[in-house]
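Listed here are the chains, written in short residue letters.
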Amino acid sequence: MNSVKNKDTSGDYSAKPSACHESVPDTIALTIPSDYAGQRLDQVLAKLLPSWSRNRLQAWISEDRIKLDGRKTSVKQKVWGNEQVLITPQDNPAESKHAAEAISLPIHYEDETLIVINKPAGLVTHPGNGNWQGTLLNALLHHAPQLEKVPRAGIVHRLDKDTSGLLVVAKTLEAQTSLVRQLQQRTVKRDYLALVLGEVKQAGSVDAPIGRHPVHRTKMAVTAKGKPACTHYRVIENFTGCTLLQCSLETGRTHQIRVHMQSIGYPLAGDPVYSGKPKNTNPAIGQILMSFPRQALHAARLVLTHPYSGEIVQWESTIPDDMDRLLQELQYYDKPEDAE
């Protein structure tokens, strides 16, 4: 893609970074005002302690870090005024200021407005449970310190840890708002290469809502209570027992391609969460598929409207080495027996 020259567009804008906490007091003591009589404890505390989210306060109540008149309480406990509350806060990494880290960034494209990252498999996009350091966000803050002033360091969409490929980052508040709106309006085009188990015969679509799995809370699932999600797919190459697809997203739900393809009987090869064992294939191909160490999914193409120029821009990423080797092995063992 040709480089786009940009002027500074980082002036006053409505979006604001979320507040972060520099330190946490050992204890907090307060008295419930009588004005809040009849309201739930978590609702009242959220009003009295705006520095912490309601979810965080609810967690502290569940963890017995909040005492009401010296006794253990509950989230739904009602208050009537003049109760004594004693809080023992606990620092939450998710609410702390993220650190810049000197991590190598595979930059595919950059101008004054955008950065397009060609994310390798294994790199976590955003800090979260068990991964508070060493993420793409930490690397971005080191590469472009001004991103500290942009929510989530400019990240507007994510790729799973073990999914590789293209991801766009906004360098200004205005650019971030533009990209978020494009995602909401479904005008951003994202095409993935996915190797799925099973032999897909023709193109199709999966239009099914995705939400948290009703039993396994770390997983997502197709569920009537989920958010709308739509994935289109077409066949790129057929192998014995598996198929290389191009999957195109209309929406961007967590684990969308992985969940949608699994829901119609074609889970991604190597997926540790949603995949199964290969069927109807020869032992060599089955072993190759079972030994691939991650979901075989790569974000190969990204198309959007440039927030500054208004032009339609696109980037493409070649298939990564590990998936390329996987396909070459499949092609080798999938040759007819009489082929030289």
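Trainee: Would you take a moment to explain the sheet that holds strand 2 (residues 66–68) for this structure?
Mentor: Note: strands within a sheet are paired through backbone hydrogen bonds, in either parallel or antiparallel orientation. Taken in spatial order, the four strands of this open sheet run 1-4-2-3, and their pairing is antiparallel. Only two strands of the sheet have a single partner each, and these edge strands are strand 1 (28–31) and strand 3 (71–72). Relative to strand 4 (residues 84–87), strand 1 is paired through four bridges, and the arrangement is antiparallel. When the sheet's bridge partners are listed, isoleucine 28 is paired in strand 4 with isoleucine 87.

Trainee: Please explain helix 7 (residues 321–333) as it appears in this structure.
Mentor: Residues lying three or four places apart along an α-helix face the same way, a consequence of the helix completing one turn every 3.6 residues. Taking 1.5 Å per residue, 13 residues should reach 18 Å; helix 7 reaches 18 Å between its end C-alpha atoms and fits that length. Listing the buried residues of helix 7 in full gives Met323, Leu326, Leu327 and Leu330. For helix 7, the buried positions fall inside an angular range of 95° around the axis, keeping them on one side. Residues of helix 7 that are exposed and point more than 90 degrees away from the buried face comprise Asp321 and Tyr332. Residues of helix 7 that are buried in the fold lie against strand 8 (189–197), strand 12 (230–239), strand 13 (242–249), helix 6 (283–291) and strand 14 (297–305).

Trainee: When you look at the environment of valine 188 in this model, what are you seeing that I'm missing?
Mentor: You can see valine 188 is positioned in the loop between helix 4 (173–184) and strand 8. Separated by 117 residues in the primary sequence, valine 188 and threonine 305 have C-alpha atoms spaced 7.6 Å apart. The residues touching valine 188, leaving out its near neighbours within four places in the chain, are Gln182, Leu183, Leu249, Leu302, Val303 and Leu304.

Trainee: What's the story with the layout of surface pockets in this structure? I'm lost.
Mentor: Where empty space is left can be seen by rolling a probe of water-molecule size over the atoms. Of the voids in this model, the largest pocket is the one considered here, and its volume is about 1400 Å³. Around the largest pocket, the lining comprises 39 residues; the ones closest to its centre are Arg158, Asp160, Arg253, Thr254 and His255. In the lining of the largest pocket, the residues fall into 14 nonpolar, 14 polar and 11 charged.

Trainee: Looking at this structure, I do not really get the nonpolar core. What am I missing?
Mentor: Looking at soluble globular proteins, one finds that nonpolar side chains tend to be buried together. By size, the foremost hydrophobic cluster in this structure holds 33 residues, and its most contacted members are Leu140, Leu147, Val169, Tyr192, Cys247, Ile257 and Met261. With residues near it in sequence (within four places) discarded, valine 169 still touches Thr113, Leu114, Ile115, Ile117, Leu140, Leu147, Ala153, Gly154 and Ile155.

Trainee: What's the story with unusual backbone geometry in this structure? I'm lost.
Mentor: A negative phi holds for most residues other than glycine; trans holds for most peptide bonds. Positive phi outside glycine occurs at aspartate 69, with the angle close to 50°. Examined against the element boundaries, aspartate 69 turns out to sit in the loop between strand 2 and strand 3.

Trainee: Help me out: how do you make sense of the packing of helix 6 against helix 7 in this one?
Mentor: Geometry of a packed helix pair, given as the angle between the helix axes and the separation of the axes. In contact at an axis separation of 10 Å, helix 6 and helix 7 are set at 170° when each is read in the N-to-C sense. Between helix 6 and helix 7, the angle falls in the class roughly antiparallel. Here Ala284, Ile285, Ile288 and Leu289 of helix 6 come into contact with helix 7, specifically with Leu326, Glu329, Leu330 and Tyr333.

Trainee: Help me out: how do you make sense of helix 6 in this one?
Mentor: Within helix 6, burial applies to Ile285, Gly286, Ile288 and Leu289. The buried residues of helix 6 occupy an angular sector of 160° when projected down its axis, which confines them to one face. In helix 6, the exposed residues that point more than 90 degrees away from the buried face are Pro283 and Gln287. Buried residues along helix 6 sit in contact with strand 8, strand 13 and helix 7.

Trainee: Quick question: what am I supposed to make of the environment of tyrosine 109 here?
Mentor: Locating tyrosine 109 in the fold gives a position in strand 5 (residues 107–110). With 59 residues separating them in the primary sequence, tyrosine 109 and valine 168 have C-alpha atoms 9.3 Å apart. Looking at tyrosine 109, its side chain comes within polar contact range of the side chain of aspartate 111, at 2.7 Å.

Trainee: Got a minute to help me understand the packing of aromatic side chains in this structure?
Mentor: Scanning all chains against the criterion turns up two aromatic pairs. Centre to centre, the rings of tyrosine 332 and tyrosine 333 are 5.0 Å apart; their planes meet at 90°, and the pair counts as edge-to-face. By relative accessible area, which is 52% here, tyrosine 332 ends up exposed.

Trainee: When you look at the confidence of the model for the protein in this model, what are you seeing that I'm missing?
Mentor: The predicted coordinates should not be examined in detail at positions where pLDDT is low. Counting all residues, the mean pLDDT for the protein is 88, and 88% of those residues have values of 70 or more. For the stretch residues 1–23, pLDDT sits under 50, and the model shows 40 contacts to residues farther than four places along the chain or on other chains.

Trainee: Would you mind showing me how to read the pairing of strand 5 here?
Mentor: Two faces, one strand: in a regular strand the side chains alternate between the faces of the sheet. Sheet topology note: the strand 5/strand 6 (residues 114–119) ladder contains three bridges and is antiparallel. By the bridge assignment, tyrosine 109 is partnered in strand 6 with valine 116. Between strand 5 and strand 6, which follow one another and run antiparallel, lie three residues.

Rules of the game
Residues numbered from 1 in each chain as written. Predicted model: local features only at pLDDT ≥ 70, side-chain atom pairs only at ≥ 80, totals over all residues. Heavy atoms only, no water. Pairing = 2+ DSSP bridges. Helix = DSSP H or I, 4+ residues; strand = E, 2+ residues; numbered from the N terminus. Expected span 1.5 Å × (residues − 1). Buried < 20%, exposed > 50% of the residue type's maximum accessible area, 1.4 Å probe, protein only. Arc of directions from axis to C-beta. Contact = heavy atoms within 4.5 Å. 1 Å grid on protein atoms, 1.4 Å probe; cavity = no way out; pocket = protein on both sides within 12 Å on 5 of 7 lines; lining within 4 Å. Points joined across faces, edges and corners; volume = space filled by probe spheres on them. Nonpolar A, V, L, I, M, F, W, Y, C, P; charged D, E, K, R; others polar. Core = buried A, V, L, I, M, F, W, Y, C linked by side-chain atoms within 4.5 Å. Axes fitted to C-alpha atoms, helices over the stretch in contact; angles between N-to-C directions. Parallel < 35°, antiparallel > 145°, perpendicular 65-115°, else oblique. Polar contact = N/O pair within 3.5 Å; in protein donor to acceptor, adjacent residues only side chain to side chain. Phe/Tyr/Trp six-rings, centres within 6.5 Å; stacked < 30°, edge-to-face > 60°. pLDDT = per-residue confidence, 0-100.

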